[in-house]
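Residue strings, one per chain:
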Amino acid sequence: MSKALIVTPLMEFRWAKVFDPEDAMEAGKPRAWSIDGVLSIADPSTIDFVTFLETESQTQNGAGSKIDKNGWPWKEEQGEDGQPTGNLIFRFKRNETTQKGKLLPPPVVVDAKRNPWPEGELIGNGSKGKIAFDPYGLDSPTVRGAKGMSLWLNMVQVVDLVPYVKATAQDVFAEEEGYAAPGAAALPFKDETPVAAAAPVPLSQRLRQQAAAPAQGFPGDGEVPF
């Protein structure tokens with residue numbers, strides 16, 4: 001029987017890189033999939049979750065182990081003013097290869113009904129869901145004799161999706177007087193950046209399009225356990 005995975009409380013997602021592994025910051029380190037999950041410190045389920053991880057750390061690293069203060073897989077969020085926001089940010093990560101170089105499959109991603117995630121649909125910041133993971137004790141890379149913990153990413157369930165929409169040049173810049181490339185008047189400008197499968201058009205964009213068109217009247221327009 002396979003080991004039972006641990007599932008987080010419902011959390012806010014940020015920087016979901018769960019479809020294509022990202023290059024490591026350090027040379028020689030494997031590429032990895034990752035996602036950040038945000039929980040409010042005021043939520044009792046957050047306290048229970050942190051308590052569980054602290055207990056699990058003692059189990060895996062040994063009772064009474066010294067834990068590096070930077071060895072925990074979470075950090076307290078700070079706002080632009082440098083003050084705490086009242087949230088904790090948890091980092092979940094999955095390497096593309098094992099220590100012996102064996103390729104690993106990407107994390108499983110499903111929707112609220114546990115259906116396979118549609119290809120090309122990206123997960124934007126502010127989406128909400130749950131993460132299935134394995135906690136691992138480890139030696140601190142910076143403090144001799146100290147320990148730490150990592151959260152090995154296995155599965156992601158998206159309960160509330162905020163689609164990721166990549167900005168184009170038309171979104172970023174206003175039209176200016178000046179140089180126009182030959183043929184630009186005859187051919188519409190195209191952003192050649194590869195774009196993922198079409199996501200729902202944001203309301204603000206639809207309102208801008210409607211405002212630019214001739215006035216014709218305003219057209220009409222349970223969480224499942226993981």
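Note that the structure is predicted; figures quoted are calculated from it, not measured.

Nonpolar side chains tend toward joint burial in soluble globular proteins. If you look at the biggest cluster of nonpolar residues, it comprises 24 residues, and the most contacted ones within it are Ile35, Phe90 and Phe92. Within the residue set of this core, elements represented by two or more residues are strand E2 (11-22), strand E3 (32-40), helix H1 (44-61), strand E5 (84-95), strand E7 (128-139) and strand E8 (147-160). Among the elements that take part in this core, E8 stands out by supplying 5 residues, more than any other. Aside from chain neighbours lying at most four places away, what touches Ile35 is Phe13, Arg14, Trp15, Ala16, Val18, Phe90, Arg91, Phe92, Ile131, Leu153 and Val156.

Attention shifts here to the packing of aromatic side chains. Under the counting rule described, the total for this entry stands at 5 aromatic pairs. Consider the rings of Phe49 and Phe90, whose centres lie 5.2 Å apart with planes at 55 degrees: the pair is tilted. Of this pair, Phe49 sits in helix H1 while Phe90 is found in strand E5, placing the two residues 41 residues apart along the sequence. Like Phe90, Phe49 is buried. Considering the side-chain rings of Phe49 and Phe133, the 5.9 Å spacing of their centres and the 90 degrees angle between planes classify their relative orientation as edge-to-face.

Right, let's talk about the pattern of salt bridges for a bit. All chains considered together, the criterion is met by 5 salt bridges. A salt bridge links Asp36 to Arg91, with the shortest nitrogen-to-oxygen separation between them at 2.4 Å. Of the two residues, Asp36 is situated in strand E3 and Arg91 in strand E5; the sequence distance between them amounts to 55 residues. The class for Asp36 is buried, based on a relative accessible area of 10%. By relative accessible area, which is 40% here, Arg91 ends up partly exposed. Look at the salt bridges and you will find they share partners, linking Glu12, Arg14 and Glu77 into a network.

What follows covers the layout of surface pockets. Approximately 1,700 Å³ is the volume attributed to the largest pocket. Lining the largest pocket are 41 residues; nearest its centre among them are Arg91, Lys93, Asn95, Leu138 and Ser150. For the lining of the largest pocket, the secondary structure elements donating two or more residues are E2, E3, strand E4 (74-78), E5, E7 and E8. Class assignment for the residues of the lining of the largest pocket results in 17 nonpolar, 11 polar and 13 charged.

Looking now at the pairing of E2. Bridging between E2 and E7 involves 2 bridges; their strand directions are antiparallel. Across the sheet, residue Glu12 finds its bridge partner in E7, namely Lys128. Pairing of E2 with E3, which is carried by 5 bridges, proceeds in the antiparallel orientation. Paired with Arg14 across the two strands is Asp36, which belongs to E3.

What follows is about the environment of Val50. Relative to the elements of secondary structure, Val50 occurs in helix H1. The sequence separation of Val50 and Trp74 amounts to 24 residues, and the corresponding C-alpha distance is 9.2 Å.

With that out of the way, let us pick up unusual backbone geometry. In most cases, non-glycine residues show a negative phi, while peptide bonds are predominantly trans. Not every positive phi belongs to a glycine, and Trp15 is a case in point at roughly 50 degrees. When you line up the elements, Trp15 lands in strand E2. Backbone geometry at Arg114 places phi at a positive 70 degrees, although glycine is not the residue there. Considering the arrangement of structural elements, one finds Arg114 in the loop between strand E6 (108-110) and E7. Take Arg114: its relative accessible area is 54%, and that puts it in the exposed class.

So, how was this worked out
- Residues numbered from 1 in each chain as written.
- Predicted model: local features only at pLDDT ≥ 70, side-chain atom pairs only at ≥ 80, totals over all residues.
- Heavy atoms only, no water.
- Core = buried A, V, L, I, M, F, W, Y, C linked by side-chain atoms within 4.5 Å.
- Buried < 20%, exposed > 50% of the residue type's maximum accessible area, 1.4 Å probe, protein only.
- Helix = DSSP H or I, 4+ residues; strand = E, 2+ residues; numbered from the N terminus.
- Contact = heavy atoms within 4.5 Å.
- Phe/Tyr/Trp six-rings, centres within 6.5 Å; stacked < 30°, edge-to-face > 60°.
- Salt bridge = Lys/Arg side-chain N within 4 Å of Asp/Glu carboxyl O.
- 1 Å grid on protein atoms, 1.4 Å probe; cavity = no way out; pocket = protein on both sides within 12 Å on 5 of 7 lines; lining within 4 Å.
- Points joined across faces, edges and corners; volume = space filled by probe spheres on them.
- Nonpolar A, V, L, I, M, F, W, Y, C, P; charged D, E, K, R; others polar.
- Pairing = 2+ DSSP bridges.

Interpretation note: all reported values are geometric properties and have no functional meaning in isolation.
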